[in-house]
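# Chain and residue survey
So the chains spell out like this:
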Amino acid sequence: MRSNMRIDQIGGLIKAFPAMPGAALKLLTVADDPGATVQQIEDVLRHDPGLTANVLKLANSAYFGVPSKIGSVRQAVMLLGLKRLVQMVVATCTTAI
């Protein structure tokens, strides 16, 4: 019961939650469409340089161990896959808040 009171008190202090950037929200919408193409995802990413940079940075990280540099958004999207891309976008937006 006491923890519920704290949650209510904290909830009362929050006026509004920050909105996700438009490109990130659009990307999540496109990703939710089963018929979405890599081209549509690439088009959304191109409108947000920050997201594009993060996608390329992740694709070129040591985690993936790709021997050559990933230089295009299309290559990065193909390497990362939709699930990992969505996770990265959500993580990027929530850590920026």
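Residues numbered from 1 in each chain as written. Predicted model: local features only at pLDDT ≥ 70, side-chain atom pairs only at ≥ 80, totals over all residues. Heavy atoms only, no water.

## What to know about the side chain of Asp48
Looking at where Asp48 falls in the secondary structure, it is placed in the loop between helix H3 (38-45) and helix H4 (49-59). Notably, Asp48 is buried but unbridged: the nearest opposite-charge side chain belongs to Arg46, and the N-O separation is 13 Å. A polar side-chain atom of Asp48 sits 3.0 Å from the main-chain amide nitrogen of Leu51. Sequence-distant contacts of Asp48, that is, excluding residues within four places in its chain, are made with Pro21 and Ala23. (Helix = DSSP H or I, 4+ residues; strand = E, 2+ residues; numbered from the N terminus. Buried < 20%, exposed > 50% of the residue type's maximum accessible area, 1.4 Å probe, protein only. Lys, Arg positive; Asp, Glu negative; His and termini not counted. Salt bridge = Lys/Arg side-chain N within 4 Å of Asp/Glu carboxyl O. Polar contact = N/O pair within 3.5 Å; in protein donor to acceptor, adjacent residues only side chain to side chain. Contact = heavy atoms within 4.5 Å.)

## Things to note about H3
The set of residues buried in H3 consists of Ile41, Glu42, Val44 and Leu45. Across the axial projection of H3, the buried residues extend over an arc of 160°, all falling on one side. (Arc of directions from axis to C-beta.)

## A few points about the nonpolar core
Side chains that are nonpolar tend, in soluble globular proteins, to be buried together. Leu27, Ile41, Leu45, Val55, Leu85 and Val89 are the most contacted members of the largest nonpolar core, which totals 20 residues. When residues of this core are traced back to their parent elements, those giving at least two are helix H2 (22-32), H3, H4 and helix H5 (73-95). Here this core gets 8 residues from one element, more than from any other, and that element is H5. Once residues within four sequence positions are removed from consideration, Val55 is found in contact with Leu45, Ala76, Leu80, Leu85 and Met88. (Core = buried A, V, L, I, M, F, W, Y, C linked by side-chain atoms within 4.5 Å.)

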